[in-house]
Amino acid sequence: MGKNSTQEICLKGIGVSPGIAVCRAQLISTQTGRPTTRSISEDEVPTEIARFEDALIATHDQIKHIQKQVSEVLGDEHASIFDAHILVVDDRTFIEDVIRSLRRDMLNVEPVLLNVANRYAEMLAKVEDSYLAERAADIRDVTKRILANLEGESLDQIANISEPCIVVSHDLSPSDTATIDKDMVRAFVTDLGSSTSHTSIMAKALQVPAVVGLHNVTAVVSSGNTVLIDGARGLVFVSPSESRLEEYRQRAVEQEQILHELDALRDKPPETRDGYLVPITANIELLAELDAVGARGAKGIGLFRTEFLFLGRPTLPSEDEQAESYIQAAKSQYPAPVVIRTLDIGADKLPESIETPDELNPFLGDRAIRLCLSRPELFKDQLRAILRASIHENVRMMYPMISCLQELIDANRLLEECKDELDKQGIPFNRDLEVGTMIEVPSAALIADLMAPYVKFFSLGTNDLIQYTMAVDRGNENVAHLYKPTHMAIVRLIDHVVKVSHKHGLWTCVCGQMAASPVLVPLLIGLGVDELSVSPSQAPVIKDVIRKLHYSAAADLAQRALSCGSADDVEHLCHELISRIAPEVLEISS
Ligand code: PEP
Ligand code: MG
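Analysis parameters
- Residues numbered from 1 in each chain as written.
- Chains lettered and ligands numbered in written order.
- Predicted model: local features only at pLDDT ≥ 70, side-chain atom pairs only at ≥ 80, totals over all residues.
- Heavy atoms only, no water.
- Phe/Tyr/Trp six-rings, centres within 6.5 Å; stacked < 30°, edge-to-face > 60°.
- Helix = DSSP H or I, 4+ residues; strand = E, 2+ residues; numbered from the N terminus.
- Buried < 20%, exposed > 50% of the residue type's maximum accessible area, 1.4 Å probe, protein only.
- Lys NZ or Arg CZ within 6 Å of the ring centre and 35° of its normal.
- Salt bridge = Lys/Arg side-chain N within 4 Å of Asp/Glu carboxyl O.
- Axes fitted to C-alpha atoms, helices over the stretch in contact; angles between N-to-C directions.
- Parallel < 35°, antiparallel > 145°, perpendicular 65-115°, else oblique.
- Left-handed = near helix turned anticlockwise from the far one by under 90°.
- Contact = heavy atoms within 4.5 Å.
- Nonpolar A, V, L, I, M, F, W, Y, C, P; charged D, E, K, R; others polar.

Q: So what's going on with the packing of aromatic side chains? Which residues, and what values?
A: Applying the stated criterion across every chain yields a total of six aromatic pairs. Between phenylalanine 237 and tyrosine 248, the ring centres sit 5.7 Å apart and the planes meet at 55°, which makes this aromatic pair tilted. Highlighted residues: phenylalanine 237 in strand S8 (residues 235-238) and tyrosine 248 in helix H10 (residues 242-263), separated in sequence by 11 residues. Here phenylalanine 237 matches tyrosine 248 in class, with each residue buried. In this arrangement the basic side chain of arginine 251 is found over the ring face of tyrosine 248, its NZ or CZ atom lying 5.3 Å from the centre.

Here it is in structure tokens:
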């Protein structure tokens, strides 16, 4: 069944953010891959040059427009970065070089432009002058925009959506998702992606229903088709029938009713029936989520993904600006704890303001703590900002992606340097700021005992822990069936880390998506996890599960899980328990 059919088509993907939405589809192209290369004849040369010049004019106008918008919202200082972009697009030497190369190679303009631009950018990046090195980034940005104009695409499509719709796209980056206007984008569906990709995490944070990993939704749906999304079940109905729409009207009412009942739990403690308390804290990406934390019944923040302060903007946030953001978070939750995670950039989270190398395996490359340790100036700005916020004593801090003890020692050393610097400047901070580490690489889990003396707590990042333990890309829908939180290796690693932490008098939180899965929460509690950090929207469901659980049943489940032989056996046990104690949560969780 192809595009434009009026018969209902049902697609099954991975439901990553629950909720029901019905709206017209809007196809968005965000692909910026290598352009296709095609030989051209002598006759086509003038046409190619004209296409290039049109694209340059369009690019110039777009940059001017963005510059004006930025200047209105953020002031001239931020807008001036675009002056450098205008210089690139107006640079006659560069333009003539592209035209000369086009005549020489007799190829369409796209690959020629990309080659010339890469050559310029590489030349500038090599120069030992930070101003010129930054111009390399400008050339790359502008080239991306010229290419998009040549190919008739818009890079700003998502931000410019002005009518309610369901976004249909091959893929979305976390920064695309961060710019979504919730009043306009009712839901989104993508060909690529998986449940723990950062784009999915953003969808949940924004409470926008989303289904990803659909493989071919962009081939099946046309802009304007009516689409129905069931985010909990991972279903997408294209041109839904009248009876389907009626079925979902009913479901939406039922879901509303369940959510309404869960709202009543907001001020109740997250305590099992037999009186065992499991604090629920929140994962946040944006300051805009702060109000939702308490409103949804979580207390404090277990994971502040600070890299999102760096995404979707052309310049780095200054130390002052960062300190203000961290103070705002700390004040909003006081006295409940706020765990600020230091920058976890690289791989899929790439700020425009930080030049990162092209790598063959970016998820195993120069990212997170590795990137921070190799750029101490960038890292120390953040550490000083966190220290300044720590005058609010509920602030804690943790490092992402630690894979060996030395990284932890080096990071702590830079933290001490920052303390000395603040002392010299007479700036106050909390000398006893509690520092923890994420455990999201198997090597870190296995040396938890060696790291324990250097930290006050562990936070299990199960999203990455599963990806790295099982060698399964967490964002790749083709291997999503292998991504199993109940794999015995994961159950054993969690058990190990919790036991080590308790032996050393530390506490362990889980802040990966496992903590937000109602089916898996009893297992985590039974394994002895001390705290669960989840997106605010998931807090009511998780509290409901905790309040319907007996700690003894969770402990029994964990013991049985530890002696299981397969992921499916563990999953079966978990399902069996949740269907018995809280079947309604399965209706509203993805
Ligand atoms: C994790 O890996 O589980 C985690 C919480 O970190 P992130 O999802 O930001 O990589
Ligand atoms: Mg992680």
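Q: Could you give an account of the pattern of salt bridges, naming the residues involved and the relevant values?
A: Enumeration over the complete set of coordinates arrives at 44 salt bridges. The partner of arginine 51 in a salt bridge is glutamate 48, with the nearest N and O atoms 2.9 Å apart. A residue pair is termed a helical-turn pair when its members lie 3 or 4 positions apart in one helix, as arginine 51 and glutamate 48 do in helix H1 (residues 45-74) at three residues. Here arginine 341 makes a salt bridge to aspartate 344, at a shortest N to O gap of 3.4 Å. A relative accessible area of 1% places aspartate 344 in the buried class. Linked by salt bridges that have partners in common, Glu319, Asp320, Lys380, Asp381, Arg384, Arg388, Asp410, Arg413, Glu417 and Glu421 make up one network.

Q: Pulling in residues and values, what's your account of the packing of helix H22 (residues 551-562) against helix H23 (residues 567-581)?
A: The relative placement of two packed helices comes down to the angle between their axes together with the axis-to-axis distance. It is at 9 Å that the axes of H22 and H23 come closest, and there the two elements cross at 160°. Judged by the angle between their axes, H22 and H23 are roughly antiparallel. Along this stretch, H22 crosses H23, giving a crossing that reads as right-handed. Here Leu557, Arg560 and Ala561 of H22 come into contact with H23, specifically with Val570, Leu573, Cys574 and Leu577. Looking at the contact of H22 with H23 residue by residue, the classes come out as six nonpolar, no polar and one charged.

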